[in-house]
Amino acid sequence: MSYTTDRQPQGLLKDIQTLLREGMIAELVAINDYTSFISATDNKEVKELFHHIREEEKHHYMEFLDALRSVDEEECKLSEEASEHIQISLKDKYKDEIHFKNTKNNLLTNIRDAIKGELEAIILYEDLISHLSDEKLINLIRHITKDEKEHTEELTRALIILDKDKYESS
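Note that this is a predicted model, so its numbers are computed, not measured.

Rules of the game
Residue numbers run consecutively from 1 along every chain, following the written order of its sequence. Owing to the predicted nature of the model, reporting of local features is limited to residues with pLDDT of at least 70; listing and counting of side-chain atom pairs is limited to 80 or more, with chain, interface and lining totals taken over all residues. Water and hydrogen atoms play no part in the side-chain values, which are based on all heavy atoms of the structure. Interaxial angle, 0 to 180 degrees, is taken between N-to-C directions of lines fitted to C-alpha atoms, where a helix line uses only the stretch in contact. Under the DSSP-based scheme used, a helix requires at least four consecutive residues in state H or I and a strand at least two consecutive residues in state E, with every element numbered from the N terminus. Here the word oblique covers every angle except those under 35 degrees (roughly parallel), over 145 (roughly antiparallel) and from 65 to 115 (roughly perpendicular). Each crossing gets its hand from how the near helix is turned against the far one by less than a right angle, where anticlockwise is left-handed and clockwise is right-handed. Residues were grouped as follows: Ala, Val, Leu, Ile, Met, Phe, Trp, Tyr, Cys and Pro as nonpolar; Asp, Glu, Lys and Arg as charged; and all remaining residues, including Gly, as polar. The predictor's confidence in any single residue is recorded as pLDDT, a number from 0 to 100. Stacked, edge-to-face and tilted are the three classes for Phe, Tyr and Trp ring pairs, Trp counted by its six-membered ring, which pair at centre distances within 6.5 Å; planes under 30 degrees apart are stacked, over 60 edge-to-face, the rest tilted. In this scheme, a residue with accessible area under 20% of its type's maximum is buried, one over 50% is exposed, and one in between is partly exposed, where area comes from a 1.4 Å probe on protein chains only.

1. Description of the packing of helix H4 (residues 107-129) against helix H5 (residues 135-162)
Move 1: In the contact formed by H4 and H5, the axes pass within 9 Å of each other and the chain directions differ by 160 degrees. By the angle between their directions, the pair H4 and H5 is classed as roughly antiparallel. The handedness of the crossing between H4 and H5 comes out as left-handed.
Move 2: Considered class by class, the residues forming the contact of H4 with H5 number 17 nonpolar, 4 polar and 6 charged.

Structure (structure tokens):
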């Protein structure tokens, strides 16, 4: 969930709607990253961890979208219109993951990339909170930030367990 790449805005806060859209972008980046990480590993436990985090990122996306709809009347109206005229059959469900062979060496890199993204999201969200006065939005973003911190700890634990090198503090 990186905001230092070309995939994510740089935290340009113009108004509440921009803040919420930036959060949505960060969550979509995370969802795509975790989907890629799931595809790139054969390690069942790490795959399950990535899947768990991806599901929370999807939940965060919807929390941001619901908050956006509550403050942007036009967005809310367009959502209602879209639900009326977008008809897609539910019979065909799609799975994001594809399996890549010989990706075992990428697992640690993927875990480190995931940690980097979580840390960047925390920095972005904490900065955005500093510009808010709406307690409901502050609490929403604090809740999501707490989840991102939990993801950082879970991913770090997996990294320490799987990496042959030691991660030690002095």
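2. Thoughts on the confidence of the model for the protein
Move 1: A residue-level look at the protein finds 81% of positions with pLDDT of 70 or above and a mean pLDDT of 81.
Move 2: Helix H3 (residues 73-85) is the least confidently modelled element of the protein, averaging 84 in pLDDT, while helix H2 (residues 44-71) averages 93, the highest of any element.

3. Structural notes on the packing of aromatic side chains
One pair of aromatic rings is described through two measures. These are the centre distance and the angle between the planes.
Move 1: Inspection of every chain in the model, using the stated rule, returns 4 aromatic pairs.
Move 2: Taken together, a centroid distance of 5.8 Å and an interplanar angle of 55 degrees make the contact between Tyr34 and Phe50 tilted. Of this pair, Tyr34 sits in helix H1 (residues 16-39) while Phe50 is found in helix H2, placing the two residues 16 residues apart along the sequence. Each member of the pair Tyr34 and Phe50 is classed as buried.
Move 3: Here the aromatic rings of Phe64 and Tyr125 are separated by 5.6 Å at their centres, their planes lie at 55 degrees, and the arrangement is tilted. Pair noted here: Phe64 is in helix H2 and Tyr125 is in helix H4, with a separation of 61 residues, a long-range link. You'll find Phe64 and Tyr125 in the same group, each marked buried.
Move 4: Taken together, the ring pairs connect Tyr34, Phe37 and Phe50 into an aromatic cluster.

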